[in-house]
Amino acid sequence: MKIAVCFKIIADYDRMSEKDWEWDDRHFIDISFVRHIFNCFDESALEMTLKLSKQLENLPDPCELTALTVDDEQGDLFLKHLIAIGFDHGVRIQCDGRLDMRFNSHGISNLISRYIRQEGQTLVILGYQGGDGDNGQTGFLVAEHLGWPCIREVIEVTVAESSDLLKVKSRIDGATLVQRVKLPMVLIMGHSLDSPYLRVPTLKQKLNAKKKPLTIVSSTELGLDNDALHSKDKTLMDLHRHNPGKSCVFLEGKTAQEQAKKLYDKYLKQRLSL
Amino acid sequence: MKAALVLSFDSNSLQQQAHEINAMLNHTGTQFSNVELWLFYKDRKPEFSPEIFCPLSGIKLIQVEYVHLPESYLDLLVALMGQCPMDLLLFTSDGLGQELATRLAYRLNGSSALKVEDCRLIRDTLEVIKPVYGNNLSARFVLKSSPYCLSVAKQPFHPVKMILMELLKIKTILLNQTQPWWVKEHLTILDPPKTGLSNTDLVLVVGQGAGNKKTVDVLKGIADTIGAEIGGSRPAVMNAWIDINRLIGASGLIISPKLCIAAGVSGTGVFSVGIKNSRFIVAINIDSKAPIFQIADVGIVGDLATILLELEKVILTDKNKKQVHHIVESRIETQ
Ligand SMILES: Cc1cc2nc3c(=O)[nH]c(=O)nc-3n(C[C@H](O)[C@H](O)[C@H](O)COP(=O)(O)OP(=O)(O)OC[C@H]3O[C@@H](n4cnc5c(N)ncnc54)[C@H](O)[C@@H]3O)c2cc1C
């Protein structure tokens, strides 16, 4: 079985201070100095896939894992990390840097689905949302482009009796849905307690991964020029930073006891009807 | 402009979802010439519908056979849009609403956006406002082609009433539905009853800063003493310290208690959106620069466990004093 997991690395916004939230004429924000991390939903998707591949080892059909990202060179380090922990291929789709892909889930999903079709994968797994655009639409659109069914808010996946049948647990309104489904399929990860975090590679794994080449594919190689990738869905007009409008009163005190007493006497007592 | 509001009668959160759609209509309701309610149902035809805060020109009751499959809803919506085209469809804020908005717009060559907080018709185009950059910013977009399919933003808990539907306006839609080839078997396991978190006065929200499960268990005890419901940030939930149905934030619950104590949470945009509607926020964090202090009314820089244990003592002492006082008073009264 050929499985592709699509992931995105994002800036750790927690590390940004108020003054960093500034944008240029094209509404771009400089986040290059901020630490980048895996989007947490993608992290679950990647870890769950590694677990799934372990189960597939016992079946006759060999399993091939591809980690796929649409990004520039900053994605390479993360792809190496994924190769170190067990992915067979690290693939980066590179677009023309002049294109604004932040809010363009259509363009991103078009690129992903073309690659999937070209490589003959039968299972695509993605995180539920994340990144600058906060679009939350890429997985659904990959399913539409491919014409495949899709399950969202997935929390656990295991192999059913053969390699083209999976048992998928997902969250729906007020319930957990357990389905036995046939591939091909797109799975969109939700909050998975089964695979909350991505495993860490050992030093040896890291060194081995260094030697493995990554595959870099340009958007034109996938048959999509800038015109075809241009967003036909929406245009960004402007950005706005919310001002919480609050000024926090800090409670000082020599001891925690003093602080707690102040908090209770001054602010909580009248609010807690104890 | 013609609009349809798409809801599922069998949803557990129908009344809250209608509230969220009403919140959107508050901004835009008067801009539509014609608003219909499209209500999906499975077995029993509904007689009641949630109250919608704008005049409805019609109600379509649409029977859906495979309720757990978004593809079934999509096929029905495509067929229905063929029969009675709409310019705008408003979907719910949950996963199903997001999926339907996105995939329907794709199938009908329209435009879509999720978590939409506001939308306005400006001449012939639709402008929407939605959060971006992890809820740190909001963005205004122009959507390029109709039908516009929007999934609305989550709102604090405020379910609307159910009202009897006007019979004259109702039309029942029965369309052919094909069995999905990919599902071999399915089973639905219902959640335990909802927590009281969405609808309570006092909440203690715990984050990664708690450090370990043992401390969180102590904090749960404190929450009990002070009569608070407990909630958690994503890491607190993913570490299995706190139940997943108590997750607070953009991808969890949006709460609005009278008092919220946020302990050991950094206050990222995606988390803060879940508590910012609280009437009063107390933040406890060892880092004086943590963003949570930007939305807090009162802050303490310090170790959360130490401070909350002290707070529990202060509260218990006061409670005991009151009880003693109460006992003395009642003795005096009975003498
Ligand atoms: C698309 C997307 C959606 C998301 N949705 C949500 C969501 O709905 N809800 C959510 O919570 N997260 C969500 N997240 C994750 C979010 O980005 C943050 O990672 C998360 O909110 C951080 O949780 P935290 O504040 O508990 O942990 P951290 O960021 O690790 O912060 C811990 C805080 O505790 C403080 N601390 C440490 N020790 C102590 C101590 N002893 N006493 C007091 N303070 C201490 C630290 O100073 C720090 O500020 C989402 C992420 C993405 C990408």
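Keep in mind it's a predicted model, so treat the numbers as computed, not measured.

S.K.: I'm lost on the overall build of chain A in this one. Help?
M.R.: Helix and strand counts for chain A stand at seven helices and 13 strands. Judged by the C-alpha coordinates and their principal axes, chain A covers about 70 × 45 × 40 Å. By the burial criterion, 55% of the 274 residues in chain A qualify as buried. In chain A, of all internal contacts separated by at least 6 residues, the share reaching a separation of at least 24 is 71%. On chain A, roughly 12400 Å² of surface is accessible, and the fraction owed to carbon and sulfur atoms is 51%.

S.K.: Sorry if this is basic, but what is going on with the packing of helix H2 (residues 70-83) of chain B against helix H3 (residues 95-107) of chain B here?
M.R.: When two helices pack together, their arrangement is captured by the angle between the axes and the distance separating the axes. Residues and elements named next belong to chain B. Viewed as axis vectors pointing N to C, H2 and H3 meet at an angle of 45°, and their least axial separation amounts to 10 Å. Relative to H3, H2 is oriented oblique. Our pair here, H2 against H3, has a crossing hand that is right-handed. Counted together, Pro70, Glu71, Tyr73, Leu74, Asp75, Leu77 and Val78 of H2 and Leu96, Glu99, Leu100, Arg103, Leu104 and Arg107 of H3 form the full contact between these two elements. Here the residues of the contact of H2 with H3 are counted per class, giving eight nonpolar, no polar and five charged.

S.K.: How should I be thinking about the site of the ligand in this particular structure?
M.R.: Among the 31 residues in the neighbourhood of the ligand, the closest are listed as Gln208, Ser233, Ser266, Asn285 and Asp303 of chain B. With respect to the ligand, its neighbouring residues span chains A and B. A distance of 2.7 Å separates an oxygen atom of the ligand from a polar atom in the backbone of Ser266 of chain B. Its free accessible area being 980 Å², the ligand has 82% of it covered by the protein chains.

S.K.: Quick question: what am I supposed to make of the environment of Ser57 of chain B here?
M.R.: Residues and elements named next belong to chain B. Its location among the elements puts Ser57 in the loop between strand S3 (48-50) and strand S4 (58-63). A relative accessible area of 42% means that Ser57 is categorised as partly exposed. Looking at Ser57, its side chain comes within polar contact range of the side chain of Asn34, at 2.4 Å.

S.K.: I tried to follow the domain arrangement of chain B on my own but got confused; where do I start?
M.R.: By a widespread convention, an interface's size corresponds to the accessible area lost as its parts come together. Residue and element names in this part refer to chain B. Looking at chain B, the domain boundaries give domain 1 (2-173) and domain 2 (197-327). The gap between the C-alpha centroids of domain 1 and domain 2 is 34 Å. Taken residue by residue, the interface counts seven residues in domain 1 and twelve residues in domain 2. Summed over both sides, the interface of domain 1 with domain 2 buries roughly 710 Å², with 58% coming from carbon and sulfur.

S.K.: Teacher, can you tell me more about the packing of aromatic side chains here?
M.R.: The relative placement of two aromatic rings is captured by the distance of their centres and the angle of their planes. All chains considered together, the criterion is met by eleven aromatic pairs over all chains. Considering the side-chain rings of Phe40 of chain B and Tyr73 of chain B, the 4.8 Å spacing of their centres and the 75° angle between planes classify their relative orientation as edge-to-face. One end of the pair, Phe40 of chain B, is in strand S2 (residues 34-41); the other, Tyr73 of chain B, is in helix H2, and 33 residues separate them in sequence. Taken as a pair, Phe40 of chain B and Tyr73 of chain B share a single burial class, namely buried. Taken together, the aromatic side chains of Phe7, Phe38 and Phe78 of chain A make up a single cluster linked through ring pairs. The residue whose ring lies beneath Arg102 of chain A is Phe28 of chain A, and the NZ or CZ to ring-centre distance is 3.9 Å.

Basis of the calculations
- Residues numbered from 1 in each chain as written.
- Chains lettered and ligands numbered in written order.
- Predicted model: local features only at pLDDT ≥ 70, side-chain atom pairs only at ≥ 80, totals over all residues.
- Heavy atoms only, no water.
- Helix = DSSP H or I, 4+ residues; strand = E, 2+ residues; numbered from the N terminus.
- Buried < 20%, exposed > 50% of the residue type's maximum accessible area, 1.4 Å probe, protein only.
- Contact = heavy atoms within 4.5 Å.
- Areas by Shrake-Rupley, 256 points an atom, 1.4 Å probe, with all protein chains shown as cover.
- Axes fitted to C-alpha atoms, helices over the stretch in contact; angles between N-to-C directions.
- Parallel < 35°, antiparallel > 145°, perpendicular 65-115°, else oblique.
- Left-handed = near helix turned anticlockwise from the far one by under 90°.
- Nonpolar A, V, L, I, M, F, W, Y, C, P; charged D, E, K, R; others polar.
- Near = heavy atom within 4 Å.
- Polar contact = N/O pair within 3.5 Å; in protein donor to acceptor, adjacent residues only side chain to side chain.
- Domains from an automatic or database assignment.
- Buried area = accessible area lost by both parts, 1.4 Å probe.
- Phe/Tyr/Trp six-rings, centres within 6.5 Å; stacked < 30°, edge-to-face > 60°.
- Lys NZ or Arg CZ within 6 Å of the ring centre and 35° of its normal.

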